Amino acid sequence: MVNTTIKTTKSQEIFAAAQNLMPGGVSSPVRAFKSVGGQPIVFDRVKNSYIWDVDGNQYIDYVGTWGPAICGHAHPEVIAALHEALEKGTSFGAPSVLENLLAEMVIDAVPSIEMVRFVNSGTEACMAVLRLMRAFTNREKIIKFEGCYHGHADMFLVKAGSGVATLGLPDSPGVPKSATSHTLTAPYNDLEAVKALFAENRDEIAGVILEPVVGNAGFITPDAGFLEGLRELTHEHGALLVFDEVMTGFRIAYGGAQEKFGVTPDLTTLGKVIGGGLPVGAYGGRRDIMSMIAPAGPVYQAGTLSGNPLAMTAGIKTLELLQRPGTYEYLEQITRQLADGLLQIAQDTGHPACGGNISAMFGLFFTSGPVHNYEDAKRSDMAKFGRFHRGMLDRGVYLAPSQFEAGFTSLAHTEADIQETLTAAREVLSTL
Ligand SMILES: Cc1ncc(COP(=O)(O)O)c(C=O)c1O
Ligand SMILES: N[C@H](C=O)CCC(=O)O
């Protein structure tokens, strides 16, 4: 299955046409391969740990549609549940028992969540949680961290990660200064900077929002005591702590980062895995705070397709699959094998590198590190990452086309996939 000289004629044709139809030829910027060079491959189908492009090439996939595909693509049980649900219609725009079922599963799993509201994307969840933080505290300022990404709402497009970091964009034109004037930023893992912000803005900060493990500036883990320190500081200042677990939720542990690190925020945002590959988002948390959401309370937030029965069905089935014994042990085992293997190969082939994994989320930077924050991440050799990315693609391995995105494994990745990936990495890194 190793493709050393892949033919991508059809991909190129389709992408050329797409560029006249959609800005940059894509529906979301990171997909455009701008920072790694070359052209995106155009997908035809996905199954298990694999994707196939329109030219018939097969790749081992470590993007997993940016996180949702934790059980593997097109899992037969998810597909079967969706077929059954489809027969009942594609949208109700009204209450359904499916919402109750998924809500109960989320509430049972995620320590901070006593009530939940479903939306259609992670962006929506983060927008809504921000409004709620402000309403509950009657304060307007928030603290976010450099390199963290909370979707593309105006208030969060300040020193953001993901595509904003990938494309090296300044904070986006079109965002009014007034929208971000209340967004304060600090370097990730820097508790002193957060303390200083609280001191300078006494009684004005509604809360702190962060990716508890960063996946949108590459893969960056919290230093010992960082999450606990934020919990204490927010308590001390009457502010809320919000974990954006759109990426980490049900991925780094069934109960997310808050279960893994034993720190319970006031509010949590979710997305990706809880929709099993269909568009979804959610926010939830303490009952007294969530009770402020309309129609229970005055904070308005709504959505035509929210609680969509297909998304709920795929989410329920995905969480059921994740509840099976051994799931997270397996994810940790294969992902550790991959992350350790990549580091060893980088060392053997003379490339300074650092990285790691937590459960099914991993990363590799081409710098000796350590990487504690976005500034450190930017020291990674981006040109080398681009060459590495292209070399891996040529050998049938699809990595996220940006140094600033974490990688994802799934239950469908086999030891053979990992070995094949490591063989490809050794070949590529030996020639860079
Ligand atoms: C941590 C985090 N928050 C929010 C978002 C926004 O989610 P979505 O792309 O579903 O709008 C993403 C991903 O894009 C994310 O990784
Ligand atoms: N980093 C983003 C989400 O996690 C990538 C998805 C996108 O914006 O296209």
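Residues numbered from 1 in each chain as written. Chains lettered and ligands numbered in written order. Predicted model: local features only at pLDDT ≥ 70, side-chain atom pairs only at ≥ 80, totals over all residues. Heavy atoms only, no water.

Draft legend 1. Representation of the UniProt feature "modified residue: N6-(pyridoxal phosphate)lysine" (unreviewed entry) in the protein chain within the structure. Listed under "modified residue: N6-(pyridoxal phosphate)lysine" (unreviewed entry) in the UniProt record, and renumbered for this structure, are Lys-272. For Lys-272, the position within the fold is in the loop between β9 (267-271) and β10 (281-285). With relative accessibility at 23%, the residue Lys-272 sits in the partly exposed group. Once you skip the residues sitting within four places of it in the chain, Lys-272 turns out to touch Trp-66, Gly-67, Pro-68, Val-246, Met-247, Gly-277 and Val-280. Polar contacts involving the side chain of Lys-272 include one to the main-chain carbonyl oxygen of Trp-66, which spans 2.9 Å. (UniProt positions renumbered as here; feature names shortened; annotations may be inferred. Helix = DSSP H or I, 4+ residues; strand = E, 2+ residues; numbered from the N terminus. Buried < 20%, exposed > 50% of the residue type's maximum accessible area, 1.4 Å probe, protein only. Contact = heavy atoms within 4.5 Å. Polar contact = N/O pair within 3.5 Å; in protein donor to acceptor, adjacent residues only side chain to side chain.)

Draft legend 2. Examining unusual backbone geometry more closely. A cis geometry characterises the amide bond from Ala-294 onward to Pro-295, with omega recorded as 10 degrees. Take Pro-295: it is sitting in the loop between α10 (287-290) and α11 (309-322). Cis geometry marks the peptide bond from Gly-369 to Pro-370, where omega comes out at -5 degrees. Mapped onto the elements, Pro-370 comes out in the loop between β12 (361-365) and α13 (374-377). You will see that Lys-159, though not glycine, has its phi angle at about 45 degrees, which is positive. Here Lys-159 shows up in the loop between β5 (141-145) and α5 (163-166). Unusually for a residue other than glycine, Ser-162 sits at a positive phi of about 55 degrees. When its relative accessible area of 7% is taken as the criterion, Ser-162 is described as buried.

Draft legend 3. How the structure looks around the sheet that holds β12. Taking strand neighbours across the sheet as the criterion, the 3 strands line up as β11-β12-β14 in an open arrangement whose pairing is antiparallel. Looking at the sheet topology across the chains shown, the edges are occupied by β11 (354-358) and β14 (407-408). For β12 and β14, the ladder comprises 2 bridges, and the chain directions are antiparallel. Bridging across to β14, Met-361 finds its partner in Phe-408. Relative to the sheet, helix α12 (residues 327-348) contacts β11 and β12, its axis offset from that of β11 by approximately 175 degrees. (Pairing = 2+ DSSP bridges. Axes fitted to C-alpha atoms, helices over the stretch in contact; angles between N-to-C directions.)

Draft legend 4. Focus on the packing of aromatic side chains. Summed over the entire model, instances satisfying the criterion amount to 11 aromatic pairs. Relative to Tyr-188, the ring of Phe-145 has its centre 6.0 Å away and its plane inclined at 85 degrees; by these criteria the two rings are edge-to-face. Of this pair, Phe-145 sits in strand β5 while Tyr-188 is found in the loop between β6 (183-186) and α7 (191-200), placing the two residues 43 residues apart along the sequence. On the accessibility criterion, Phe-145 (0% relative accessible area) is buried. Just above the ring of Trp-52 sits the side chain of Arg-45; from NZ or CZ to the centre is 4.0 Å. (Phe/Tyr/Trp six-rings, centres within 6.5 Å; stacked < 30°, edge-to-face > 60°. Lys NZ or Arg CZ within 6 Å of the ring centre and 35° of its normal.)

Draft legend 5. Main features of the site of ligand 1. Taken together, Ser-121, Gly-122, Thr-123, Tyr-149, His-150, Gly-151, Glu-211, Asn-216, Asp-244, Val-246, Met-247 and Lys-272 form the complete shell of residues around ligand 1. The backbone of Tyr-149 places a nitrogen or oxygen atom 3.3 Å from a nitrogen atom of ligand 1. With respect to ligand 1, the side chain of Asp-244 contributes an N or O atom lying 2.6 Å from a nitrogen atom. Protein coverage of the free-state accessible area of ligand 1, which is 380 Å², stands at 83%. By residue class, the composition of the shell around ligand 1 is 3 nonpolar, 6 polar and 3 charged. (Near = heavy atom within 4 Å. Areas by Shrake-Rupley, 256 points an atom, 1.4 Å probe, with all protein chains shown as cover. Nonpolar A, V, L, I, M, F, W, Y, C, P; charged D, E, K, R; others polar.)

Draft legend 6. How the structure looks around the site of ligand 2. By nearness alone, every residue bordering ligand 2 is listed as Ser-28, Trp-66, Ser-162, Asn-216, Met-247, Lys-272 and Glu-405. Protein contact buries 87% of the 280 Å² of open area that ligand 2 shows by itself. When its residues are assigned to classes, the shell around ligand 2 shows 2 nonpolar, 3 polar and 2 charged.

Draft legend 7. Seen up close, the side chain of Lys-384. Within the secondary structure, Lys-384 sits in helix α14 (residues 382-394). One buried charged residue, Lys-384, remains without a salt bridge, the closest side chain of opposite sign being Asp-381 at 4.5 Å. (Lys, Arg positive; Asp, Glu negative; His and termini not counted. Salt bridge = Lys/Arg side-chain N within 4 Å of Asp/Glu carboxyl O.)

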